[in-house]
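The chain contents come next:
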Amino acid sequence: MSSSDIFIGETIGTAVLILLGGGVCAAVTLKRSKAQNAGWLAITFGWGFAVLTGAYLAGGVSGAHLNPAVTIGLAIEGGTKWSDVPLYLGSQLLGAMIGAMLVWLTYYGQFRAHLTDPEILGAQSGEEGLVDKAAAPKAGPVLGIFSTGPEIRHAVQNLVTEIIATVVLVLAILTQGLNNEGNGLGTLGALVTALVVVGIGLSLGGPTGYAINPVRDLGPRIVHALLPLPNKGGSDWGYAWIPVVGPLIGGAIAGGLYNVAFA
């Protein structure tokens, strides 16, 4: 495939992935959203459908990596040229940022209502009334719409959790079609991958929110930092390396395991 195919497919596919995935997080989180408090099941299935849609759109154009961990795993496995890796990663990051911007535009009114609501801001400050900016928590009240964060902040555990979850994802992708003479599953592979993502969210997502994709976390986190959202709080850059490094390590491990056990 050409460089333009990779750029177009990965940018559009990742943008749709983040639009729908971040969209379900916004729908569940924000006041004045019809889906507020729909819960973890809605988020996990929403992200699964987001993967399904993005992968289906980009599959015939760029191969629908949509995830640097997948790209690294495929490069180690041998299915992707290392010379194409920078273009894949750059396109995925751009697409993730575009998708996060579209979430903001879609829920613009709900963001404003949520972030100016005295009840929401009081809950963040632990007091009645408006939050004291000097005492605001490190992670803002809408950061979870854009990026992930741990329930228990422990760098080693959080990193290991992301590595394990990403190994499951990438190994499941690499082994698709092994019983089909190595030809893969075609468009059916997008459905299988989506179901794997749902399974990861249900089983392994509790500790960290299962980034399992560096640009899924980094791109929207950058957008969160740049958007003119009132009372949004910090972007938690102290944690931001874990959902980037963990999935990259996991993708590399999965590529190595595939070569040892399945190739």
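The rules we used
Residues numbered from 1 in each chain as written. Predicted model: local features only at pLDDT ≥ 70, side-chain atom pairs only at ≥ 80, totals over all residues. Heavy atoms only, no water. Patch = residues over 30% accessible without salt bridge, like charges linked within 9 Å, V, L, I, M, F, W, Y side chains within 5 Å. Areas by Shrake-Rupley, 256 points an atom, 1.4 Å probe, with all protein chains shown as cover. Salt bridge = Lys/Arg side-chain N within 4 Å of Asp/Glu carboxyl O. Helix = DSSP H or I, 4+ residues; strand = E, 2+ residues; numbered from the N terminus. Buried < 20%, exposed > 50% of the residue type's maximum accessible area, 1.4 Å probe, protein only. Expected span 1.5 Å × (residues − 1). Contact = heavy atoms within 4.5 Å. Polar contact = N/O pair within 3.5 Å; in protein donor to acceptor, adjacent residues only side chain to side chain. Axes fitted to C-alpha atoms, helices over the stretch in contact; angles between N-to-C directions. Parallel < 35°, antiparallel > 145°, perpendicular 65-115°, else oblique. Left-handed = near helix turned anticlockwise from the far one by under 90°.

Asks: Teacher, can you tell me more about a nonpolar patch on the surface here?
Replies: A cluster of nonpolar side chains, contributed by Phe 7, Ile 8, Ile 12, Leu 57, Val 61, Leu 94, Ile 98, Leu 102 and Leu 105, occupies part of the molecular surface with about 730 Å² of accessible area. Elements that contribute at least two residues to the nonpolar patch include exactly helix H1 (3-29), helix H2 (40-62) and helix H4 (85-106).

Asks: Can you walk me through the pattern of salt bridges in this structure?
Replies: Side chains that differ in sign of charge can pair as their charged atoms come close. Counted under the stated rule, the structure contains four salt bridges. Its salt-bridge partner being Lys 31, residue Asp 117 comes within 3.4 Å of it at the nearest N-O pair. Remark: Lys 31 occurs in the loop between H1 and H2 and Asp 117 occurs in the loop between helix H5 (108-115) and helix H6 (118-125); sequence separation between them is 86 residues. Among the residues examined, Asp 117 registers a relative accessible area of 17% and is labelled buried. As a salt-bridge pair, Arg 221 and Asp 217 come within 2.7 Å of each other at their nearest N and O atoms. With Arg 221 and Asp 217 both in helix H10 (residues 214-226) and four residues apart, this pair spans about one turn of that helix.

Asks: How should I be thinking about helix H11 (residues 242-261) in this particular structure?
Replies: Residues spaced three or four apart along an α-helix point in a common direction, a consequence of the helix completing one turn every 3.6 residues. Taking 1.5 Å per residue as the helical rise, H11 with its 20 residues ought to reach 28 Å, and the 27 Å between its terminal C-alpha atoms agrees with that figure. Three or more residues of H11 are buried, namely Ile 242, Pro 243, Val 244, Gly 246, Pro 247, Gly 250, Gly 251, Ala 254, Gly 255 and Tyr 258. Its buried side turned inward, H11 meets helix H3 (68-77), helix H8 (155-174) and H10.

Asks: In this structure, what is going on with the side chain of Asp 236? I would like to understand it.
Replies: Among the secondary structure elements, Asp 236 is positioned in the loop between H10 and H11. For Asp 236, a relative accessible area of 4% puts it in the buried group. Among the polar contacts listed, one links the side chain of Asp 236 to the side chain of Arg 153, at a separation of 2.8 Å.

Asks: Any chance you could explain the packing of H8 against helix H9 (residues 188-204) here in plain terms?
Replies: Packed helix pairs are specified by the crossing angle of their axes together with the interaxial distance, meaning the distance between the axes. Close contact between H8 and H9 brings their axes to 10 Å; oriented N to C, the two are set at 160°. On the basis of the axis angle, H8 is roughly antiparallel to H9. For H8 against H9, the interelement crossing comes out right-handed. Contact residues: H8 offers Thr 161, Ala 165, Val 168, Leu 169, Ala 172 and Ile 173, while H9 offers Thr 193, Val 196, Val 197, Ile 200 and Leu 204.

Such coordinate-based values are descriptive only and should not be taken to indicate function.
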